[in-house]
Amino acid sequence: MALREIIILPDRQLRLVSKPVEKVTTEIRKLADDMFETMYDAPGIGLAAIQVAQPLRLITMDLAKKSEDGETRPQPRVFINPEIVSSSEELSVYEEGCLSIPEYYEEVERPAQVRIRFTDLDGKVHEEDAEGLFATCIQHEIDHLNGVLFVDYLSKLKRDRVIKKFTKAARRAAE
Ligand code: GNR
Ligand code: NI
């Protein structure tokens with residue numbers, strides 16, 4: 001396993017539309033492994049392949065919470081070529097963050113429940129209902145596959161402000 005670098009705003013790769021994974025090869029498994037290592041190290045609860053500069057429709061996620069014995073057991077999940085089959089009318093608000101927009105958090109409203117279809121690392125297709133944090137996180141990650149960031153849902157004033165802040169920081173870092 002290896003840590004990969006997470007690309008951050010305003011890196012234009014974040015706006016790419018990622019390509020479907022045609023076959024689960026050794027390379028794809030290695031990418032998923034590296035994405036878990038990178039995601040746990042960050043730490044984050046989800047990661048889209050484009051965040052490590054690979055424009056492929058591949059997501060890693062771990063929403064594990066502390067159980068009754070106070071232990072946290074890893075719950076790594078991989079979603080290949082995920083699609084939203086249907087979304088609820090009901091909406092819910094979560095304060096979102098993004099590893100590609102570090103230390104910036106804002107509330108975003110999204111469908112509260114979604115039904116998703118995806119392929120796993122064995123090539124098996126699944127359909128599953130998501131709600132709560134899972135629904136929010138899978139929608140945030142599928143947005144990444146389409147070049148969409150959570151700041152796109154904010155007012156133009158807030159979005160422009162955060163993009164400007166990161167653009168300035170990148171310019172300073174390049175000097
Ligand atoms: O670690 C993350 N936390 C998070 C919190 C609320 C809503 C979405 C997320 S995903 C984010 C990691 C990330 O940037 N994934 O793309
Ligand atoms: Ni993100």
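These figures come from a predicted structure and were not determined experimentally. (Residues numbered from 1 in each chain as written. Chains lettered and ligands numbered in written order. Predicted model: local features only at pLDDT ≥ 70, side-chain atom pairs only at ≥ 80, totals over all residues. Heavy atoms only, no water.)

Trainee: So what exactly am I meant to see when it comes to the overall build of the chain here?
Mentor: A count of helices and strands for the chain gives 3 helices and 7 strands. Listing every helix and strand of the chain by position from the N terminus yields α-β-β-β-β-β-β-β-α-α. For a compact globule of 175 residues, the expected C-alpha radius of gyration is about 16 Å, and the chain comes in at 16 Å, within 12% of that figure. In terms of principal-axis extent, the alpha carbons of the chain reach across some 45 × 40 × 35 Å. Counting all 175 residues of the chain, 37% fall into the buried class. Residue pairs at least 24 apart in sequence account for 63% of intrachain contacts in the chain once pairs closer than 6 positions are excluded. A total accessible area of about 10,200 Å² is found for the chain, and carbon and sulfur atoms account for 50% of it. Charged side chains in the chain number 25 positive and 32 negative. The centres of these two groups are separated by 7 Å. (Helix = DSSP H or I, 4+ residues; strand = E, 2+ residues; numbered from the N terminus. Rg over C-alpha atoms; globule rule 2.2 N^0.38 Å. Buried < 20%, exposed > 50% of the residue type's maximum accessible area, 1.4 Å probe, protein only. Contact = heavy atoms within 4.5 Å. Areas by Shrake-Rupley, 256 points an atom, 1.4 Å probe, with all protein chains shown as cover. Lys, Arg positive; Asp, Glu negative; His and termini not counted. Charge placed at Lys NZ, Arg CZ, Asp CG, Glu CD.)

Trainee: Which parts of the structure should I look at to understand the environment of Arg15?
Mentor: With respect to the element layout, Arg15 can be found in the segment before helix H1 (26–41). Overall, the relative accessible area of 39% leaves Arg15 in the partly exposed class. As a C-alpha pair, Arg15 and Thr25 span 10 residues in sequence and 25 Å in three-dimensional space. If sequence neighbours within four positions are ignored, Arg15 has contacts with Gly147, Val148, Leu149 and Asp152. Polar contacts involving the side chain of Arg15 include one to the side chain of Asp152, which spans 2.7 Å. (Polar contact = N/O pair within 3.5 Å; in protein donor to acceptor, adjacent residues only side chain to side chain.)

Trainee: What am I meant to see in the site of ligand 1 here?
Mentor: Around ligand 1 there are 13 residues in total, and Ile45, Gln51, Leu99, Glu141 and His144 lie nearest to it. Take Leu99: an N or O atom from its main chain is 2.8 Å from an oxygen atom of ligand 1. In the environment of ligand 1, an oxygen atom lies 2.9 Å from a nitrogen or oxygen atom belonging to the side chain of His144. A total of 380 Å² of accessible area belongs to ligand 1 in isolation, and the protein chains cover 90% of it. Elements with a minimum of two residues in the shell around ligand 1: strand E4 (91–98) and helix H2 (132–145). Looking at side-chain class alone, the shell around ligand 1 contains 3 nonpolar, 7 polar and 3 charged residues. (Near = heavy atom within 4 Å. Nonpolar A, V, L, I, M, F, W, Y, C, P; charged D, E, K, R; others polar.)

Trainee: For this particular structure, what's the right way to read the pairing of strand E5 (residues 101–111)?
Mentor: The side chains of a regular strand alternate, first on one face of the sheet and then on the other. Looking at chain direction, E4 and E5 are connected through 7 bridges and run antiparallel. Residue pairing for E5: Ser92 is matched across the bridge by Arg110. Remark: 2 residues form the turn of the hairpin made by E4 and E5, two consecutive strands paired antiparallel. (Pairing = 2+ DSSP bridges.)

Trainee: Whenever I open this one, the coordination of the nickel ion (ligand 2) confuses me. Can you help?
Mentor: Any two of four tetrahedral donors ideally make an angle of 109.5 degrees at the metal, while pairs among six octahedral donors ideally make 90 or 180 degrees. Within the protein, the nickel ion (ligand 2) binds to Cys98 (SG), His140 (NE2) and His144 (NE2); these donor distances fall in the range 2.1 to 2.4 Å. Positions of the donor residues of the nickel ion (ligand 2) along the chain correspond to the pattern C-x41-H-x3-H. Linking His140 with His144, this pair stays in helix H2, spanning 4 residues, or about one helical turn. (Donors = N, O, S within 2.8 Å, 3.2 Å for Na, K, Ca; no water.)

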